[in-house]
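Structural characterization, general
Each chain, letter by letter, is given below.
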Amino acid sequence: MSKEIKLSANEPLKINSDYLRGTLAEEIADTSTGSIAADSQQLSKFHGMYLQDDRDVRKERRQKKLEKAFSFLIRVRLPAGVASPQQWLAMDRIADEYANGTLKITTRQTWQLHGVIKNNLKSSIQAMDKVLLDCIAACGDVNRNVICNANPHLSDVHSEAVELSRNISEHLLPQSRAYHEIFLDEEKVISSEEEIEPLYGKTYLPRKFKINVAIPPGNDTDIYAQCLSFIAIVEAEKIVGYNVTVGGGMGMTHGKENTFPRTADLIGFVTPDKAVDVAEKVMLVQRDFGDRTDRKQSRLKYTVERMTAGGFRDKLEQYLGYQLEPARDFTFEYNGDRFGWVQDDKGNHHLTLFVPGGRVCDTPSSPMKSGIAAVAKIHKGEFRMTANQNLVIANISDEQRPEIEAILKEYKILNSHERSALRLNSIACVALPTCGLALAEAERYLPDLITELEEVVEEAGLKHDAITIRMTGCPNGCGRPFLAEIGFVGRAPGKYNVYLGGGFHGQRLNKLYRQSVLAGDIKELLSPIIRAYAKERNEGERFGDFVIRNGYVKETTAGNNFHANVEQV
Ligand code: SRM
Ligand code: SF4
C-alpha cells in the first residue's frame, strides 16, 4: 500500500485561496481588530506584507489586557533596486503619513515600511501605485525581488544586467489579479484557470525563490546565497552570456542539523537570449521537485542537495530542451560595496553612501531621511539601493554635482562613508522590535558592538582593512551572516553564536566558533584573534582565511559540512 503524502498546511491553503484572495479583503476592511486571521497572514505575504507587532510593548499591552500593537511590514518589488527620484519622494511621504517615519533598505535592494496599521494598508499601496510601484510577490512562495550588482563603474554593462533583472521579474510575476482587486479596488474579471497562473498553477512554489544577477569582480549580491544566479561574462564591454549557479541559501534552525546554509553550485553558461528561459525552467523544476511536505526542507537548496548539482542540471536541460554550455572563467574580489564618488566613462558621477543597518531615518547627528528627500527633489538621475543595505545616488551630471554635494553637506551625510572599513562592511538584519522571529537584537545592537571592536581594530592598525561582519537576530540568515568573515547569530536575548571563517568575496560559509556568547563578552573573545591577524597574517591574507589557517575554525567546504568539525563551543 502506498504511503499517503502529508502536504504542509500552506499547500491546501494556497489551493483553496482562489488565487491568493481568501478572505483578505473582508479582513482588511474589519476595523474591530488590528490583526488578520492566520490563513490571511500567509496569503498577505504574496502581496508583499507581513502582520507584525511591536515586541517592545508586548508585555505592557498584555498587562493592560490590550491586543498586541499590530501593524504591517510592506516590502516593495523593485527589480535591481533602481528607483526614480519621484518614487523615492513618494516612499518618503508614505513612510511619514502611513508608517513609522523610516525607510528600510533591505538586503534584497528594496524598501520596507514598518508600522503600517491595517487601516493604512490600502492608502499606502494606492499611493505607491501612483508612482508605478507595487509589492506583488515581494514575499510568499513565489519568485522574490530580483537583485542585481549595483556597481556604478560598469554602467553600460550594468544597464544590460538591470534590464535582465527587470525582464526576469516581469516574466515570473504571478498573474492573479487578487492584489489589484483587494488593494486597488479593481473589478473582478472572471478568466479561465489556465490563464490565471500559467507558470505557478494553484499551488505556486513550495517556498520562496530568489534570483540575482552579478557582474564580476563585484559579488555585492552574494550569489552563493541565492537560489539562482546569473554571473555576467563580459567581453569587450558587452555581456556575452551568464554563468548559472543554483542552490544557495542561508536559513537554518538552531539544533537541527538537517537544516543548513548552503553555497550555490556552478552548473553552466547561457547566452543572454536564453537567460529568462533558464530562470523560468529552474523555477519550474523547483515547482515540480521541491519538497511540499516540510517547509523546513522545501527551499531549492535542499532540492539541489537531494538531486546533486549534476542531477539538477540534467533535469533542467530536459525542461529546457537544450544543454547549458560549460561555465566560463570569472573572478569575484569582494562582496561589500565601493563607497564614495566615482565617475563613469560617460562623465556622470555616482555617490555610494553608507546607511547604518539600511535604516534611512532622521537622527539629530544625521538627518539622512530629510537629506535624501531634499536631493530627490532636484536629482535628475536615479537612486540605486545595494544588497548590502546601502544607497547609490546615481547618474549625477557635472553641473548638478556641486548642488547635490551642498545638500548632503547641509544634512551631514556627505561623508557617511568615512568610517572604519569594519563598519562599512557590516550588515545587520532588522530583528527586534518588529521581526516576530528574532531571538536577539541585530540592527539596534551591531553598531554599538562595532564601536567596541573598532577600538581593537584601530589599535591593531586595521582601521582601513575590510573584514566582513554581519549579525542577525536568528538563524534565518536575512543579513547572510553565514557568509561573513565574522558572523553573529542570535540565540536568546543578549546571546549570540559566533561564526568565523567566511570567504571575503562570499565564496565560503563560515563555521561555529563559540555558542551562546554573552554580548558583553564578544569584544574579549575576538580581540586576541584580531590582534593576531594584524601581526601574523600573510601578505594580502583575508581575515576569514587567516582564522582557518591558524586553526581557530575548520574550513566549511560545502553546506552539508557546515555543522561538521565544530571543535569548541
Ligand atoms: Fe528574511 C523571514 C527580513 C532578506 C531568509 N525576513 C523574514 C521576516 C519576514 C520574518 C518573518 O517571516 O516573520 C523578516 C521581517 C523582519 C522585519 O521586521 O522587517 C525578514 N529578510 C528580511 C530583511 C528585511 C532583512 C534586512 O534587514 O534587510 C530582508 C528583506 C529582503 C527583501 O527585500 O526581500 C531579508 N531573508 C533575507 C535573506 C537575504 C537574501 O535574500 O539575500 C535571507 C537569506 C537567504 C535565503 O533566503 O536563504 C532571508 N527570511 C529568511 C528566512 C529563512 C528562509 C529559509 O530558507 O529557511 C525567513 C523565515 C522563513 O522564511 O520562514 C525570513
Ligand atoms: Fe528576523 Fe531572523 Fe530575519 Fe533577522 S534573520 S530579520 S531576526 S527572521
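Located above this text is the structure these notes cover.
Cut-offs applied
- Residues numbered from 1 in each chain as written.
- Chains lettered and ligands numbered in written order.
- Predicted model: local features only at pLDDT ≥ 70, side-chain atom pairs only at ≥ 80, totals over all residues.
- Heavy atoms only, no water.
- Donors = N, O, S within 2.8 Å, 3.2 Å for Na, K, Ca; no water.
- Helix = DSSP H or I, 4+ residues; strand = E, 2+ residues; numbered from the N terminus.
- Contact = heavy atoms within 4.5 Å.
- Polar contact = N/O pair within 3.5 Å; in protein donor to acceptor, adjacent residues only side chain to side chain.
- Near = heavy atom within 4 Å.
- Nonpolar A, V, L, I, M, F, W, Y, C, P; charged D, E, K, R; others polar.
- Salt bridge = Lys/Arg side-chain N within 4 Å of Asp/Glu carboxyl O.
- Buried < 20%, exposed > 50% of the residue type's maximum accessible area, 1.4 Å probe, protein only.
- Pairing = 2+ DSSP bridges.
- Axes fitted to C-alpha atoms, helices over the stretch in contact; angles between N-to-C directions.
- Left-handed = near helix turned anticlockwise from the far one by under 90°.

1. Considering the coordination of the iron atom of ligand 1
When four donors bind a metal tetrahedrally, each ideal donor-metal-donor angle is 109.5 degrees, and when six bind octahedrally, the ideal angles are 90 or 180 degrees. Donor atoms from the protein around the iron atom of ligand 1 number only one, Cys478 (SG), found at 2.3 Å. With respect to the element layout, Cys478 can be found in the loop between strand S17 (469-472) and strand S18 (486-492).

2. Regarding the environment of Thr556
Here Thr556 is to be found in the segment after helix H18 (543-549). In the structure, Thr556 is positioned 44 residues away from Leu512 in sequence and 9.8 Å away in space, judged by C-alpha atoms. Beyond its immediate chain neighbours, meaning those up to four positions away, Thr556 contacts Arg508, Leu509, Asn510, Lys511, Asn561 and Phe562. At 2.9 Å, the side chain of Thr556 and the backbone oxygen of Asn510 are in polar contact. A distance of 3.2 Å separates a polar atom in the side chain of Thr556 from a polar atom in the side chain of Lys511.

3. Observations regarding the site of ligand 2
For ligand 2, the full set of nearby residues is Cys429, Ala431, Cys435, Leu437, Ala438, Thr472, Gly473, Cys474, Asn476, Gly477 and Cys478. Looking at the shell around ligand 2 residue by residue, the class counts come to seven nonpolar, four polar and no charged.

4. Description of the pattern of salt bridges
What the rule picks out here adds up to 38 salt bridges. For the salt bridge of Glu181 with Arg21, the shortest nitrogen-to-oxygen distance reads 2.8 Å. Here Glu181, found in helix H8 (residues 178-184), pairs with Arg21, found in the loop between helix H1 (10-15) and helix H2 (24-29); they are 160 residues apart in sequence, far enough to count as distant. Neither Glu181 nor Arg21 differs from the other in exposure class; each is buried. Where salt bridges share partners, they join Glu11, Lys14, Asp141, Arg292 and Arg295 into one cluster.

5. Notes on the pairing of S17
Residues Ile469 and Met471 line one face of S17 and the alternating positions Arg470 and Thr472 line the opposite face, and both faces are buried. In the sheet, strand S16 (residues 426-428) pairs with S17 via three bridges, with the strands oriented parallel. Paired with Ala428 across the strands is Met471, a residue of S17. Where S17 lies against S18, four bridges are found, and the strand directions are parallel. When the bridges of S18 are listed, Met471 appears paired with Phe488.

6. A closer look at the side chain of Asn425
One can find Asn425 in the loop between helix H15 (421-424) and S16. For Asn425, a relative accessible area of 10% corresponds to the buried category. Those residues within four positions of Asn425 in sequence are excluded, and the remaining contacts are Gly336, Ala466, Ile467, Thr468 and Ile469.

7. Section: the sheet that holds strand S12 (residues 349-353)
Backbone hydrogen bonds hold the strands of a sheet together, and the pairing may be parallel or antiparallel. Strands sit in the order S3-S14-S15-S12-S11 across an open sheet of five strands; the sheet is antiparallel. Each end of this open sheet is capped by a strand with a single partner; those strands are strand S3 (82-83) and strand S11 (340-343). Bridging between S12 and strand S15 (residues 391-396) involves four bridges; their strand directions are antiparallel. The partner of Thr352 across the bridge, within S15, is Val392.

8. What about the packing of helix H10 (residues 275-289) against helix H12 (residues 309-320)?
The interhelical angle for the contact between H10 and H12, taken along N-to-C directions, is 115°, at an axis separation of 9 Å. Between H10 and H12 lies a crossing whose hand is right-handed. Counted together, Asp277, Val278, Lys281, Val282, Leu284, Val285, Asp288 and Phe289 of H10 and Phe312, Lys315, Leu316, Tyr319 and Leu320 of H12 form the full contact between these two elements. Residue classes in the contact of H10 with H12 are distributed as nine nonpolar, no polar and four charged.

9. Things to note about the side chain of Thr472
Position of Thr472 among the secondary structure elements: in strand S17. At 2.9 Å, the side chain of Thr472 forms a polar contact with the backbone oxygen of Cys474. Excluding its chain neighbours within four sequence positions, the residues that come into contact with Thr472 are Cys429, Ala442, Gly477, Cys478, Gly479, Pro481, Phe488, Val489, Gly490 and Tyr496.

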